[in-house]
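Summary of structural features
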4 protein chains.
Amino acid sequence: MTATRPADLAGAARGFAAAELTDHRYFDGLPEPPMPQQARLADAGLANWWMPVEYGGPGVSLREGVDIVSELSYGDAGFAFTSYLSILATTMVHLYGEDEVRKPLLTDFAGSGGVCATLASEDAAGSELGRTETTSTRRGGAVIITGDKYFSTNTDLAEFLVVVTRSAESDQDFRAVVVPRDAPGIKVVRRWDVLGMRGSATYEVRLRNVRVPASHVLRGNGIRVLEAGLNASRVLIATTSIGLSRRVRDEAMSYAATKTIKGERLTANNVFAAKLGEIEMQIDLMLNQCRAAAAEFDAIMARPDAADEFLRVGSTRSALAAKMACGQLGWAVASTGSQLFGGLGYTNDHIIGKLTRDLRWTALVEGGEDVMRDLLYSRYVLPGDRRR
Amino acid sequence: MTATRPADLAGAARGFAAAELTDHRYFDGLPEPPMPQQARLADAGLANWWMPVEYGGPGVSLREGVDIVSELSYGDAGFAFTSYLSILATTMVHLYGEDEVRKPLLTDFAGSGGVCATLASEDAAGSELGRTETTSTRRGGAVIITGDKYFSTNTDLAEFLVVVTRSAESDQDFRAVVVPRDAPGIKVVRRWDVLGMRGSATYEVRLRNVRVPASHVLRGNGIRVLEAGLNASRVLIATTSIGLSRRVRDEAMSYAATKTIKGERLTANNVFAAKLGEIEMQIDLMLNQCRAAAAEFDAIMARPDAADEFLRVGSTRSALAAKMACGQLGWAVASTGSQLFGGLGYTNDHIIGKLTRDLRWTALVEGGEDVMRDLLYSRYVLPGDRRR
Amino acid sequence: MTATRPADLAGAARGFAAAELTDHRYFDGLPEPPMPQQARLADAGLANWWMPVEYGGPGVSLREGVDIVSELSYGDAGFAFTSYLSILATTMVHLYGEDEVRKPLLTDFAGSGGVCATLASEDAAGSELGRTETTSTRRGGAVIITGDKYFSTNTDLAEFLVVVTRSAESDQDFRAVVVPRDAPGIKVVRRWDVLGMRGSATYEVRLRNVRVPASHVLRGNGIRVLEAGLNASRVLIATTSIGLSRRVRDEAMSYAATKTIKGERLTANNVFAAKLGEIEMQIDLMLNQCRAAAAEFDAIMARPDAADEFLRVGSTRSALAAKMACGQLGWAVASTGSQLFGGLGYTNDHIIGKLTRDLRWTALVEGGEDVMRDLLYSRYVLPGDRRR
Amino acid sequence: MTATRPADLAGAARGFAAAELTDHRYFDGLPEPPMPQQARLADAGLANWWMPVEYGGPGVSLREGVDIVSELSYGDAGFAFTSYLSILATTMVHLYGEDEVRKPLLTDFAGSGGVCATLASEDAAGSELGRTETTSTRRGGAVIITGDKYFSTNTDLAEFLVVVTRSAESDQDFRAVVVPRDAPGIKVVRRWDVLGMRGSATYEVRLRNVRVPASHVLRGNGIRVLEAGLNASRVLIATTSIGLSRRVRDEAMSYAATKTIKGERLTANNVFAAKLGEIEMQIDLMLNQCRAAAAEFDAIMARPDAADEFLRVGSTRSALAAKMACGQLGWAVASTGSQLFGGLGYTNDHIIGKLTRDLRWTALVEGGEDVMRDLLYSRYVLPGDRRR
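Residues numbered from 1 in each chain as written. Chains lettered and ligands numbered in written order. Predicted model: local features only at pLDDT ≥ 70, side-chain atom pairs only at ≥ 80, totals over all residues. Heavy atoms only, no water.

Per an unreviewed UniProt entry, chain A carries the name Acyl-CoA dehydrogenase family protein and comes from Actinokineospora guangxiensis. Entered under Sequence similarities (unreviewed entry) in the UniProt record, the comment concerning chain A runs "Belongs to the acyl-CoA dehydrogenase family." Regarding chain A, the UniProt comment filed under Cofactor (unreviewed entry) reads as follows: "FAD". (UniProt positions renumbered as here; feature names shortened; annotations may be inferred.)

Shown next, in the form of structure tokens:
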């Protein structure tokens, strides 16, 4: 990666969004990947910012990443998602990959500015990872993967994939496996036509007898391995709602500056002010939750036993709470925000419709609200010794 | 109107929706009016069901209309809106039109199965009707209308229009004026590209020196005249959320019948059950509110002094509450409902995205929530003697 | 009953509340029953208004009763509860009692102006009536009842009791049994010290070998019999929130009339107006739901096969929805209302604290929200043919 | 202060609460100050933990204080409030007091383990500090204070007071003035009988010609000076809701461990789990917001120009958001929590009623929700350059 890392990353991201992410109709049009802005993001030193220094990456913390993602999401949330989702797969490989696989793979990746993908969700299993039906079978020095994955983002142009599978040998054993994108037997069935976040590309994927060396299997139970990575991606998904909510707020203020009501500027109206004051509180709440969750992730990552610790901990409380809270708070902002622009707000002349559709997403992706509640309860409330 | 009125109107509407309103992609595609289903609705005896018997109409009560509109909205809410919005203009003309205008106009209309339109909202004025800038000027035996109307549904193919104007002679005087659709000076500027309810067609309209005979001016203050009509249309707009919410419920049950979670059918899951139980309560609440509001409207309409009574009352409490409550409750159903279908619910493979967009509308149209709150407060809370 | 029934029952109830229910500290002090106002209510012709004409009662409909209860609850909700809860037991006896028991019992009761009580809830069973542990054992021409009932209102001074029991002979069979208050073996263990509704008296009761003739067993499955009666009492419990919410609204307006904010009367403040407009909508919504639920109850009661119909239907959808909706909406009013009076609202100098405690109750009594959701789902959503 | 500061302050506070704050009926009974537990808190090294080292205090940061206050509030929130509210007055004196006043006063105070009080709110002015009617008049080298203060906590036994006044010389000038508790002319009119937080003592106070040396006037505009201190106390008030919510959670788990529903332990019920999962998220959200707001306060306090910076900044965004968010989230916990204990939860046999009353308080004290919204809007949304 030849790009220089900017000193003020959040500022650079803000500048990038203002320069490159302004054409919301383009991003809302299911643009074909790779989008040209992806290369420019890499040129700006803002691609794959989390990649550890040992692979030649910038080694930016998740805590700083929250500010970057908030700024990019302010511009276009779907594009932002495209730019950060690789953290899920790279975190898994970094923590649990065999050296011979991990080092070359991540070094290549850090230099590429590209994307990688995780294949976990399935149609029947939904968010119940324990019901994964994609199997991996050991055969000599290889594993062979067969199954159907329902929603997987960035897959088509990924540098590599991580596939979550059930062990054919033992029903309760799961394996996360690194798979080259060009391995025979992988078929991208279709790209989903999604409601929002249309600047990202999500696919249905079929795997049939996909063979990789056994060294490509990540250490540890595949579902716990996945949870380790989700701690990072869920925080950034939560953060997406921050950028979107800040955008709603600013769009509302721009609109209000042009309007009068009851003989005064709309910005001087008490009821309008109360709504924006509420939104500002909600933004601050999301921001501090995401920052705290990122800091908890960073603190574990900084431990020498980070990989083992994540296998013990699984999903962190703060990341679960962040995704759930931002799903709700962002939707509250959308629910208020979509009523701030009068009839115009119900037309595609205004961006609020797109922002509302984008804001629906945080609660749904990588485990819905019910899944977050279940995990928080079973992991942090039910066991008395994990309560605070 | 040659169509026979069905005995079971709600049942007929349900049958019509099941037969004719099933292609949601068609209705979601901003279809060009007139949609062929409109003629078939007339053939089925379900068009303009409220038209009084004195004009040859079926004279169906608003109370019964609630059930019709709920069924049509279950099929397609935008189409339903197209089919019932004319009640706003015809109610105004019926109550306040000069006999020489009213009788032939409404008799023609009742026989036509067509639509008529109301032009009230403006860009700058928003929902503050008192700031209407479209003017009407008396000139001899005529009035001349000039102005720009922002959102007006069904205008392009309307049989006639009712235009809300400010009197050029007196700033505080407003006139609602009947205008033939083909009067010179009317220009449909554009059709709006709306977020939902895309089976209806809403326009921006320009009026320049549109001249009609003075007899076309409706009796009474134009804003109060408009409020009289809004009592009917707001109840039906509120009802739209009932049909949509019933649809969400049934789609959820169909989906759940195919899914398992934690080893049992999703329909047997307690958390799912709790959400559907909540939705059922919300539907019942909306239904009883709309029925009560419709009954209040019918009761006033049955009075010999209905026209005067509406000028006194203005907006009824129950109609204001119905629109506001159904805006909120329908959105609550959408907020829960849009999370019931897993990731699939975030794709356009499923109808829930469309239903959510449609459900956003009730709160926004014909006066947003803030307007409803203001009216309820100023008309029914502040004056102690109108409290209950 | 010698009292004349007033022509305007709601008006009479309003007058009674204004004259007799003004000392909120008295009612909030767990007054010892009978409260002197109970006799005065009977004198005013407002006691046990629902008692059928065949027993010499006034035969007022539940629909009219909603208006009476709203007015009494406006005065004091605990007192109102005391005055109407007997409808639960009398409805069961009226529908399912053997003639030889029913006729003298209800004729006496209608003339007495007193109260009767239902003993259903138990400590372990909570709201799961199927887990009732109080048993009834047939012994010759008698049944013998033993068990512990947790919450039962009006029991101590009741004219008679209806006790819900499990049949000792068959685990799945339940019996509702009429029991004279003075039957040996009944012990009132204690009166509960409750958070609100302290103008009513609720007891824990122990029954040990309480023997009554077999004719005292009501016809039909005891749980369904109970559900029949709950249709009436739940609607009135829901209505309690209407009276309380109207009181919150009026207290807020009285307070606001004395306050200024930002240089204007608080009543002229837009944010305050918005809150009161919202409350007014919520009141209208509750009112129309309760009226509709009452009308549904009245319609079934008017059928010649009312008793059988209620055994088939069990809990009506509208009554379940009414209790649940008014539990939520009343609490929303309390949540807003308790913030409308500044710091004063957090002191016992103001009545709002009491109103808030009273408003907590509707959601909790006679089946919590979870129970309502379960019933709505299992009875009206899951069976496709009962959906609307 | 001879007490040794414990190394693990939060742990010590937890232990103190478990040992000393268990008799909730005592604290709920408006106990006469000083409560004996106050002296024991000082003995435990947990009184006035924020007092700077320069006065001989422990100099614990607000960030650490959040954890202390959460633990004490878990035991009894009213007692906790009593223990931390002095931070409001001491912060003002520390930042803005003349050396000759500040140093001896705060040194004495740090050693005393006692309390001090702030007198700001008034009856007519409510939360609009700019309408303060208590005046301070310069007379030679003294100022003379006259006015009536409505709500002031800890006043009666305070070591000293800070009184917010309007300058008699200039209508737009405000002065915060240090006043000895025993200055002639101060009369505690009454202690308020409050709904909750009854382990704290709040008074109405009359000041008549209270004379203090001019050196007792704090530097800077009195309202800004007050806002500086409120940044600390509002964060701790917000934190109170964390302790209370944790207590609700734990009480619910204890209750659920003894209950069965639908044939399984209540703790295994999915709907119960979902509610507790939601509460856990809400607790985490409150905690991270309060910690972030405390850290922001600490960061400003660590600046050499802290006093000036606070005059510029006034209320910090994060403190405003913390108080508002915890007011709402704590109330959400109360609203769910008060329904988790069946009928028992509506009796005074259970603590949940007290916890609910306590949780109502955060939103009301030191500026209601409307005030928070107004400040967030006018300070952080309206000025474009303060947006984030």
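Here the narrative resumes, following the displayed structure.
1. Focus on the overall build of chain A
Counting its regular elements, chain A contains 13 helices and 9 strands. Taken against the 2.2 N^0.38 rule, which gives 21 Å for 388 residues, the C-alpha radius of gyration of chain A at 21 Å falls within 12% of a compact globule. On the principal axes, the C-alpha backbone points of chain A span a range of 80 × 50 × 40 Å. Within chain A, contacts between residues at least 6 apart in sequence are counted, and of these 75% link residues at least 24 apart. Here chain A carries 44 positive and 47 negative side-chain charges, and the mean point of each set is 3 Å from the other. (Helix = DSSP H or I, 4+ residues; strand = E, 2+ residues; numbered from the N terminus. Rg over C-alpha atoms; globule rule 2.2 N^0.38 Å. Contact = heavy atoms within 4.5 Å. Lys, Arg positive; Asp, Glu negative; His and termini not counted. Charge placed at Lys NZ, Arg CZ, Asp CG, Glu CD.)

2. Examining the packing of aromatic side chains
Aromatic rings considered in pairs are described by the distance between their centres and by the relative angle of their planes. The final tally for this structure, using the stated rule, is 54 aromatic pairs over all chains. With a centroid separation of 5.8 Å and 75° between ring planes, the pair formed by D:Phe109 and D:Phe160 is classed as edge-to-face. Of this pair, D:Phe109 sits in helix H7 (residues 99-112) while D:Phe160 sits in strand S4 (residues 160-167), and the two are 51 residues apart along the sequence. A network of ring pairs unites the aromatic residues A:Phe16, A:Tyr26, A:Phe27 and A:Phe79 as a single cluster. The lysine or arginine in question, C:Arg190, covers the ring of C:Trp192, its NZ or CZ lying 3.7 Å from the ring centre. (Phe/Tyr/Trp six-rings, centres within 6.5 Å; stacked < 30°, edge-to-face > 60°. Lys NZ or Arg CZ within 6 Å of the ring centre and 35° of its normal.)

3. Some thoughts on the confidence of the model for chain A
Low-pLDDT stretches of the model should not have their predicted coordinates read in fine detail. Considering every residue of chain A, the mean pLDDT works out to 96; 99% of them sit at 70 or more. Overall fold confidence for the complex sits at a pTM of 0.98, while the interface term, ipTM, reaches 0.97. (pLDDT = per-residue confidence, 0-100.)

4. Some remarks on the relation of the copies chain D and chain A
Taken together, a rotation about one axis and a shift along it account for how the two chain copies relate. With an axial shift of 0.0 Å and an RMSD of 0.0 Å, the rotation relating chain D to chain A amounts to 180°. Here the copies are linked by what is in effect a two-fold axis. Among all residues of chain D, the one whose C-alpha sits closest to the rotation axis is D:Asn288, at a distance of 3.0 Å. Most of the interface of chain D is mirrored in chain A, where 100% of its interface residues again form contacts. (Least-squares fit on C-alpha atoms with pLDDT ≥ 70 in both.)

5. Focus on the interface of chain A and chain B
Contacts between chain A and chain B engage 43 residues on the former and 43 residues on the latter. On the chain A side of the contact with chain B, A:Leu195, A:Tyr346 and A:Leu364 bury the most area, a combined 23% of that side's loss. The interface formed by chain A and chain B includes 8 salt bridges. The interface formed by chain A and chain B holds 26 residue pairs in polar contact (both at pLDDT 80 or more) in total. Listed by contribution, the elements that provide at least two residues to the side of chain A that touches chain B are strand S3 (142-153), strand S8 (260-261), helix H9 (270-301), helix H11 (317-337), helix H12 (352-359) and helix H13 (369-381) of chain A. A breakdown of the residues in the side of chain A that touches chain B according to their chemical character gives 16 nonpolar, 11 polar and 16 charged. (Buried area = accessible area lost by both parts, 1.4 Å probe. Salt bridge = Lys/Arg side-chain N within 4 Å of Asp/Glu carboxyl O. Polar contact = N/O pair within 3.5 Å; in protein donor to acceptor, adjacent residues only side chain to side chain. Nonpolar A, V, L, I, M, F, W, Y, C, P; charged D, E, K, R; others polar.)

6. Overview of the domain arrangement of chain A
All names here are of chain A. Along its sequence, chain A is carved into domain 1 (9-112), domain 2 (116-216) and domain 3 (222-386). In this structure, domain 1 and domain 3 have C-alpha centres spaced 19 Å apart. With 28 residues of domain 1 at the interface, the matching set in domain 3 holds 37 residues. Between domain 1 and domain 3, the buried area comes to about 2,800 Å², and carbon and sulfur atoms account for 67% of it. On the domain 1 side of the interface with domain 3, the three residues burying the most area are Leu62, Tyr74 and Tyr96, jointly 25% of the side's total. Between the two partners, domain 1 and domain 3, sit 4 salt bridges. The shortest N-O distance in the salt bridge between Asp67 and Arg291 comes to 3.3 Å. The interface formed by domain 1 and domain 3 includes 14 residue pairs in polar contact (both at pLDDT 80 or more). For the side of domain 1 that touches domain 3, the secondary structure elements donating two or more residues are helix H2 (24-27), helix H4 (62-75), helix H5 (77-84) and helix H6 (86-96). Looking at the side of domain 1 that touches domain 3 residue by residue, the class counts come to 14 nonpolar, 8 polar and 6 charged. (Domains from an automatic or database assignment.)

7. Remarks on the interface of chain D and chain A
How large an interface is tends to be reported as the accessible area lost when its parts come together. If you look at the interface, chain D gives 34 residues, while chain A gives 35 residues. Taken together, the connections running from chain D to chain A amount to 8 salt bridges. Close ionic contact of A:Asp250 with D:Arg387 constitutes a salt bridge, the shortest N to O distance being 3.3 Å. Applying the counting criterion to the chain D and chain A interface returns 20 residue pairs in polar contact (both at pLDDT 80 or more). At the level of elements, helix H8 (222-256), helix H9 (270-301), helix H11 (317-337) and helix H13 (369-381) of chain D are the ones that each hand at least two residues to the side of chain D that touches chain A. Of the residues that constitute the side of chain D that touches chain A, the class distribution is 18 nonpolar, 6 polar and 10 charged.

8. Considering the pattern of salt bridges
Residues and elements named next belong to chain D. A complete count under the given rule lists 156 salt bridges over all chains for this structure. As a salt-bridge pair, Glu71 and Arg14 come within 3.1 Å of each other at their nearest N and O atoms. Remark: Arg14 occurs in helix H1 (residues 9-20) and Glu71 occurs in helix H4 (residues 62-75); sequence separation between them is 57 residues.

9. Brief notes about the side chain of D:Asp67
Summarising the element assignment, D:Asp67 is placed in helix H4. Look past the residues within four positions of D:Asp67 in its chain and what remains in contact with it is D:Ala10, D:Leu287 and D:Arg291.

10. Quick notes on unusual backbone geometry
All names here are of chain A. Between Pro33 and Pro34 the backbone carries a cis peptide bond, its omega angle lying at -5°. In this structure, Pro34 sits in the loop between H2 and helix H3 (36-43). The phi dihedral of Met197 falls on the positive side, at around 55°, and the residue is not glycine. Looking at the secondary structure, you find Met197 in the loop between strand S6 (186-191) and strand S7 (202-213).

11. Looking at the environment of B:Asn48
Residue and element names in this part refer to chain B. Looking at where Asn48 falls in the secondary structure, it is placed in the loop between helix H3 (36-43) and helix H4 (62-75). Given a relative accessible area of 3%, Asn48 falls into the buried group. When the C-alpha atoms of Asn48 and Ala176 are compared, they prove to be 21 Å apart, with 128 residues separating the residues in sequence. Contacts of Asn48, omitting those with residues within four sequence positions, involve Pro58, Ser83, Ser86, Phe109, Gly113 and Gly114. (Buried < 20%, exposed > 50% of the residue type's maximum accessible area, 1.4 Å probe, protein only.)

12. Regarding helix H10 (residues 306-313) of chain C
Residue and element names in this part refer to chain C. Among all positions of H10, only Ala306, Ala307, Glu309, Phe310 and Val313 are buried. The buried residues of H10 occupy an angular sector of 165° when projected down its axis, which confines them to one face. Positioned one or two residues after H10, Gly314 has a phi angle of 70°, which is positive. (Arc of directions from axis to C-beta.)

13. So, the UniProt feature "domain: Acyl-CoA dehydrogenase/oxidase C-terminal" (unreviewed entry) in chain A
Within this structure's numbering, the places UniProt gives as "domain: Acyl-CoA dehydrogenase/oxidase C-terminal" (unreviewed entry) are residues 220-379 of chain A. Between the end C-alpha atoms of residues 220-379 of chain A the distance is 19 Å, and the span holds 72% helix and 2% strand.

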